Amino acid sequence: MGSLELTLRRTVSLAVEIAREKRNGRRRVGVTFLVGSSKDVLAHARQLALDPLRGHPDRLKSLDEPGTQATLKQLARLGETFVVSDEGVVLSMVRL
């Protein structure tokens, strides 16, 4: 399995977890994951607010890390966009 395919599987799995957790009497969460072509996305995007992921090492922002998944679930409550590299590293948040 290629790294992009694995990243897509992990991202969809995380998105499904986020959607399921928010159904229990809470408001639904709207979150966007942009996967792949991350250099192009970042080159054409602009920062809308402070990025809580900025400055952290890639190893701590990998979808493989259980702590990263928990952090993203909490940040998803803000209803923002996550930019994810082909390798499964969450590069940025709150860009358009």
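Residues numbered from 1 in each chain as written. Predicted model: local features only at pLDDT ≥ 70, side-chain atom pairs only at ≥ 80, totals over all residues. Heavy atoms only, no water.

J.: Any chance you could break down the overall build of the chain for me, citing the residues and the numbers?
T.: A count of helices and strands for the chain gives three helices and three strands. Starting at the N terminus, the α and β elements of the chain follow one another as α-β-α-α-β-β. Counting over 96 residues, the chain shows a buried share of 31%. Within the chain, contacts between residues at least 6 apart in sequence are counted, and of these 69% link residues at least 24 apart. Total accessible area computed for the chain in this model is approximately 6200 Å², and 51% of it derives from carbon and sulfur atoms. (Helix = DSSP H or I, 4+ residues; strand = E, 2+ residues; numbered from the N terminus. Buried < 20%, exposed > 50% of the residue type's maximum accessible area, 1.4 Å probe, protein only. Contact = heavy atoms within 4.5 Å. Areas by Shrake-Rupley, 256 points an atom, 1.4 Å probe, with all protein chains shown as cover.)

J.: If you had to explain the sheet that holds strand β3 (residues 90-93) to someone new, which residues and values would you point to?
T.: With mixed pairing, the three strands of this open sheet are ordered in space as β1-β2-β3. Both edges of this open sheet fall to β1 (32-35) and β3, since each of them pairs with a single strand only. Strand-to-strand, the axes of this sheet are offset by a mean angle of 25 degrees, without reference to chain direction. In terms of strand pairing, β1 meets strand β2 (residues 81-84) through four bridges, oriented parallel. Paired with V35 across the strands is V84, a residue of β2. (Pairing = 2+ DSSP bridges. Axes fitted to C-alpha atoms, helices over the stretch in contact; angles between N-to-C directions.)

J.: I'd like a rundown of the pattern of salt bridges, residues and numbers included.
T.: Overall, the coordinates contain four salt bridges when judged by the stated rule. Between D64 and R10 there is a salt bridge whose closest N-O contact spans 2.5 Å. One end of the pair, D64, is in the loop between α2 (38-44) and α3 (66-76); the other, R10, is in helix α1 (residues 3-21), and 54 residues separate them in sequence. Exposure remark for D64: the relative accessible area of 45% places this residue in the partly exposed category. A residue is classified by how much of its surface remains accessible, and R10, at 30% relative accessible area, is partly exposed. As a salt-bridge pair, K73 and E17 come within 2.6 Å of each other at their nearest N and O atoms. Of this pair, K73 sits in helix α3 while E17 sits in helix α1, and the two are 56 residues apart along the sequence. Residue classification places K73 among the buried positions, given a relative accessible area of 16%. (Salt bridge = Lys/Arg side-chain N within 4 Å of Asp/Glu carboxyl O.)

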